[in-house]
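Secondary and tertiary structure notes
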Amino acid sequence: MSLRKFITNKTTAALAVLLTVFANTSAFAQDAAAAAAPKVDMGEVYKSVIFYILVFLAVCLFIAIVGKALKVYELSREAQGKDGGINWNRVNSSLFALFLVLGLYGVYWEYTVHGSMLLPDAASIHGKRIDDMFNLTLIITTIVFIATHILLFGFSYIYKYSAKRKAYYYPHNNTIEKIWTIVPALVLTVLVLMGFLTWRSIFFKVEDPNHKPLQIEVTSEQFKWSIRYPGADGVVGHKNYKLTTASNTLGIDFSDLKSRDDLMADEMVIPVNKPVKLILNSKDVIHSFYMPHFRVQLNTVPGMQTIFEFTPTKTTAQMQEETNDPNFKFLFYCAKICGAGHYNMQKDVRVVSEKEYEEWLAKQKTYLNDDLRKQFNLPVAPAPVKSVSDSTAKDSAAVKTNQMALNK
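So, a few notes on the structure that sits alongside this text. (Residues numbered from 1 in each chain as written. Predicted model: local features only at pLDDT ≥ 70, side-chain atom pairs only at ≥ 80, totals over all residues. Heavy atoms only, no water.)

When helices and strands are counted, the protein shows 12 helices and 11 strands. Per-residue burial for the protein yields a buried fraction of 24% across its 408 residues. Accessible surface computed for the protein: about 29,200 Å², of which carbon and sulfur atoms make up 64%. (Helix = DSSP H or I, 4+ residues; strand = E, 2+ residues; numbered from the N terminus. Buried < 20%, exposed > 50% of the residue type's maximum accessible area, 1.4 Å probe, protein only. Areas by Shrake-Rupley, 256 points an atom, 1.4 Å probe, with all protein chains shown as cover.)

It is worth spelling out the nonpolar core at this point. With 36 residues, the main nonpolar core has Ile216, Tyr229, Met268, Leu278, Phe289 and Met291 as its most contacted residues. Ignoring sequence-local partners within four residues, the contact set of Phe289 consists of Val218, Trp225, Met268, Leu278, Leu280, Val296, Gln297, Leu298, Thr300, Phe332 and Tyr333. Membership of the second largest hydrophobic core comes to seven residues, among which are Phe254, Tyr367, Leu368 and Leu378. (Core = buried A, V, L, I, M, F, W, Y, C linked by side-chain atoms within 4.5 Å. Contact = heavy atoms within 4.5 Å.)

Given a rise of 1.5 Å per residue, 30 residues ought to cover 44 Å, and the 43 Å separating the end C-alpha atoms of helix α7 (residues 174-203) matches this to within 8%. Leu191, Thr198 and Ile202 are the residues of α7 that are buried. As for α7, its buried residues are in contact with α6 (125-158) and β8 (306-310). (Expected span 1.5 Å × (residues − 1).)

The subject of this paragraph is the packing of aromatic side chains. Tallying each qualifying case throughout the model produces 19 aromatic pairs. Arranged with centres 6.1 Å apart and planes meeting at 25°, the rings of Phe254 and Tyr367 form a pair that is stacked. With Phe254 in the loop between β2 (224-229) and β3 (263-265) and Tyr367 in the loop between β11 (365-366) and α11 (370-375), the pair connects residues that are 113 residues apart, well separated along the chain. Like Phe254, the residue Tyr367 is buried in the burial classification. One aromatic cluster is present, built from ring pairs that chain together Phe294, Phe310, Phe328 and Phe330. Lying across the ring of Tyr157, Lys160 places its NZ or CZ 4.5 Å from the centre. (Phe/Tyr/Trp six-rings, centres within 6.5 Å; stacked < 30°, edge-to-face > 60°. Lys NZ or Arg CZ within 6 Å of the ring centre and 35° of its normal.)

This paragraph deals with a nonpolar patch on the surface. Judged by side-chain polarity, Val55, Val59, Phe62, Ile63, Val66, Leu70, Trp88, Val91, Leu95, Leu98, Phe99 and Leu102 come together as a nonpolar surface patch covering roughly 1,000 Å² of accessible area. Elements that contribute at least two residues to the nonpolar patch include exactly α4 (49-79) and α5 (88-112). Among the structural elements, Ile63 can be located in helix α4. Given the relative accessible area of 55%, Ile63 is considered exposed. (Patch = residues over 30% accessible without salt bridge, like charges linked within 9 Å, V, L, I, M, F, W, Y side chains within 5 Å. Salt bridge = Lys/Arg side-chain N within 4 Å of Asp/Glu carboxyl O.)

Only one face of strand β7 (residues 296-300) is covered, namely the face carrying Val296, Leu298 and Thr300; the face carrying Gln297 and Asn299 is uncovered. Across five bridges, strand β6 (residues 287-291) lies against β7 in antiparallel orientation. Residue pairing across strands places Ser288 opposite Asn299, the latter belonging to β7. Taken together, β6 and the strand that follows it, β7, pair antiparallel across an intervening segment of four residues, in which Arg295 is found at a positive phi of about 55°. (Pairing = 2+ DSSP bridges.)

Attention now goes to α4. Look at α4: 45 Å from first C-alpha to last across 31 residues, which is about the 45 Å you get at 1.5 Å a residue. Positive backbone phi, at 75°, marks Gly81, one or two positions downstream of α4.

As a further point, take the environment of Leu70. Topologically, Leu70 is positioned in helix α4. Excluding residues that lie within four positions of it along the chain, Leu70 makes contacts with Ile86 and Trp88.

Here the focus is the packing of α5 against α6. Contact geometry of α5 with α6 gives a least axis separation of 8 Å together with a crossing angle of 165°. Relative to α6, the element α5 is oriented roughly antiparallel. In the crossing of α5 with α6, the sense of the turn from one axis to the other is left-handed. Mapping the contact onto sequence places Ser93, Ser94, Phe96, Ala97, Phe99, Leu100, Leu104, Val107 and Tyr111 in α5 and Leu138, Thr142, Phe145, Ile146, His149, Ile150, Phe153, Gly154, Ser156 and Tyr157 in α6. Each residue belonging to the contact of α5 with α6 can be placed in one class, and the counts come to 13 nonpolar, six polar and no charged. (Axes fitted to C-alpha atoms, helices over the stretch in contact; angles between N-to-C directions. Parallel < 35°, antiparallel > 145°, perpendicular 65-115°, else oblique. Left-handed = near helix turned anticlockwise from the far one by under 90°. Nonpolar A, V, L, I, M, F, W, Y, C, P; charged D, E, K, R; others polar.)

Strand order across the open sheet formed by six strands is β8-β5-β1-β2-β3-β11, with mixed pairing between neighbours. Two strands lie at the open edges of the sheet, namely β8 and β11, each paired on one side alone. Sitting on the sheet, helix α10 (residues 354-362) touches β1 (214-221), β2 and β3, and the angle it makes with β2 is about 105°.

Bringing the pattern of salt bridges into the picture now. When the charged atoms of two side chains with opposite charge come close together, those side chains can pair. On inspection of all chains with the given rule, the structure shows nine salt bridges. Between Asp132 and Lys128 there is a salt bridge; the shortest N-O distance is 3.2 Å. Of this pair, Asp132 and Lys128 both sit in helix α6, four residues apart, roughly one helical turn. Here Asp131 makes a salt bridge to Arg295, at a shortest N to O gap of 2.9 Å. Taken together, the positions of Asp131 in helix α6 and Arg295 in the loop between β6 and β7 put the pair 164 residues apart, joining distant regions of the chain.

Spelled out as structure tokens, the structure:
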């Protein structure tokens, strides 16, 4: 029996109909069973790297299959002696035009969607300068990006190969080369100078003796921060790693009198519109001190001090109003990406008025306690002595109570 007769045979047609009905019935039964079965949470699957690797391989396999099918189609046309197969020049130029449209929409989408995810306006004086420099750089690079890609993909589409024309040989143009050399050089010079001047304004400050910055020492270790404030002298005392013990965890050198009144805090509280001088160091490994809303980020390095000075311009209450978030908090982190331990090194930062800051500071305890005084042979603070009047009054009350008891 020939293949044509086999296909047109009534028995074969009937079997094909029955097979189709059976397949459809099985499919409906599977759908009903799937609907009745409890739903499986696929969230963890979608989060796994293997899932996306398999999706990528499946897409690559699909593209390879389509490519092979097109290749077979072209070979079959050649075998049949037919002309006018797939015009790949037209296909590629159309894909270039499509990518250009999708890319320009992607730029728009990034600005409108992800643009809202950027940090709010800087809450420090120098942060405003950094934001201005960042915005200018972003505007220039966006304009250049859009213009160059329109030219690149537009020329690829307009000047695709055509048998009806011949390409014009245009090897050299001095004017064009001068333009695309001088203009980028001038733009980059402006950006570099802006960065240099901004850097100098941040790190090279002339200290005003009438407005000395508030010193705050921050020490990092795996995986926590320690915050030390100066006492009444306004200066954070010296430290020496050789003095580090179980009780003197920061290695404070108490032979320096300025260290004896230093205070410890569980959070960083700073007054608004007052310069703050951060003294950063580390006990073990390199950490990255990061205050995103103030545009502050420096490494803390074992064996050396890193200094950074900034002036906060917005209180926490103001930021809560601006962000419309009553739970908003300033934070500082460790920006190192070596595991979750660094990321979870977080501390609250509160920016308050001068009065609130003084009230909070008065409640903090000194680092130097009685145990450390004994360890370093320093005089122990005397216990509070009861006043004579208080003891006399208590004795009189006791005598009076006894007399009443005797009278009864």
